[in-house]
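Reading the structure
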Amino acid sequence: MLRDRVITAIVIIAILVPLFLFGGVLGVAFLVTALGGTAVWELARCLPALKKSPGKEITLVLGFGIIATFYSFSLGTLMAVLAWYPLLVILIHLILYHKIEQTLESASEMIFALAYVIVPLSHAILVRRLDLGIAWIFFIMVVVCFGDVGAYFGGRFFGKHRFSKSISPSKTVEGLGGSLLGNLVGMLGVKLAFPGLPSLWYLLVVTLMLAVAGPVGDLTASMIKRRLAIKDFGTIMPGHGGVLDRADSLILAFPATFYFLFLVGY
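A look at the nonpolar core
Of all hydrophobic cores here, the largest spans 65 residues; its most connected members are F20, L43, V117 and F139. For this core, the element with the most residues is helix α6 (residues 103-128), which contributes twelve residues. Apart from the residues lying within four places of it in its own chain, the contact partners of L43 are F112, A113, Y116, V117, I224, F233 and L244.

Printed below as a string of structure tokens:
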């Protein structure tokens, strides 16, 4: 299983790095469309009221619309447009009332899927537009991914004290320690690669924030899977499950970093 995880990770890196380096904002938008679209499809087909057509198809189309909104509009206009999406979902269900049996459940699950997956991941587009946006994209990805690696090995070799038996029995306190260590190593590595980033003290604050956002995102996904009685959201990534299983730690990471940098006036 570890071999599958490593091979899959190498393939992902080989795809992501060139797009991040040379694709600009459009490249990030393309990745969000591909990965976010796959992730929301994986989630939609697991939700009871969206399993049947046209629920998951409508969710996917609306997801693409949200990504296009993030790419096309300024932050102020974006917030105004996003406020109308829940009303649009309700309007669609009103029009298709006789076609969608579980109308209320379907509308609620559709809004949840879009808000949980597409909106947070689309913040990667906003991060890319920042000064040194490419560096911040790598910073988030590397810090969070190194945290995942640290949690895996910390829990596997040293894990004894369960962190949350009811939500994710495999998570341990030692794994969280390994995750934090991985976060810090990732921070130092990206700082060396992009010396133009702010000081280490500044980056340490962002890293500690990501050290919380990553595990919380992971636990949230575990909670959802436990409620849905599934092991993984998908099988597209050998050793990792689905795209959403791999991206769960990033769901809070991108918006948390963007709004922190925005609020401190970066």
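Observations concerning the side chain of S122
Residue position: S122 is located in helix α6. The exposure class of S122 is buried, given its relative accessible area of 0%. For S122, the side chain forms a polar contact with the main-chain oxygen of I118, separated by 2.7 Å. Those residues in contact with S122, other than ones at most four positions away along the chain, are V32, I66, I67 and F70.

So, unusual backbone geometry
Backbone torsion omega between S53 and P54 reads 5°, so that peptide bond is classified as cis. For P54, the position within the fold is in the loop between α2 (24-44) and α3 (55-72). The backbone of L132 shows a phi angle near 55°, a positive value even though the residue is not glycine. Along the chain, L132 falls in the loop between α6 and α7 (133-158). Phi is positive for A229, close to 60°, though the residue is something other than glycine. Residue placement: A229 occurs in the loop between α9 (200-228) and α10 (243-247).

Focus: the packing of aromatic side chains
Counting across every chain of the model gives six aromatic pairs. Each ring, one from W136 and one from F139, has its centre 5.5 Å from the other, and the planes form 75°; the classification is edge-to-face. Residue W136 and its partner F139 are located together in helix α7, separated by three residues, close to a single helical turn. When its relative accessible area of 0% is taken as the criterion, W136 is described as buried.

Rules used throughout
- Residues numbered from 1 in each chain as written.
- Predicted model: local features only at pLDDT ≥ 70, side-chain atom pairs only at ≥ 80, totals over all residues.
- Heavy atoms only, no water.
- Core = buried A, V, L, I, M, F, W, Y, C linked by side-chain atoms within 4.5 Å.
- Buried < 20%, exposed > 50% of the residue type's maximum accessible area, 1.4 Å probe, protein only.
- Helix = DSSP H or I, 4+ residues; strand = E, 2+ residues; numbered from the N terminus.
- Contact = heavy atoms within 4.5 Å.
- Polar contact = N/O pair within 3.5 Å; in protein donor to acceptor, adjacent residues only side chain to side chain.
- Phe/Tyr/Trp six-rings, centres within 6.5 Å; stacked < 30°, edge-to-face > 60°.

Honestly, that's just the spatial picture; any functional story needs more than this.
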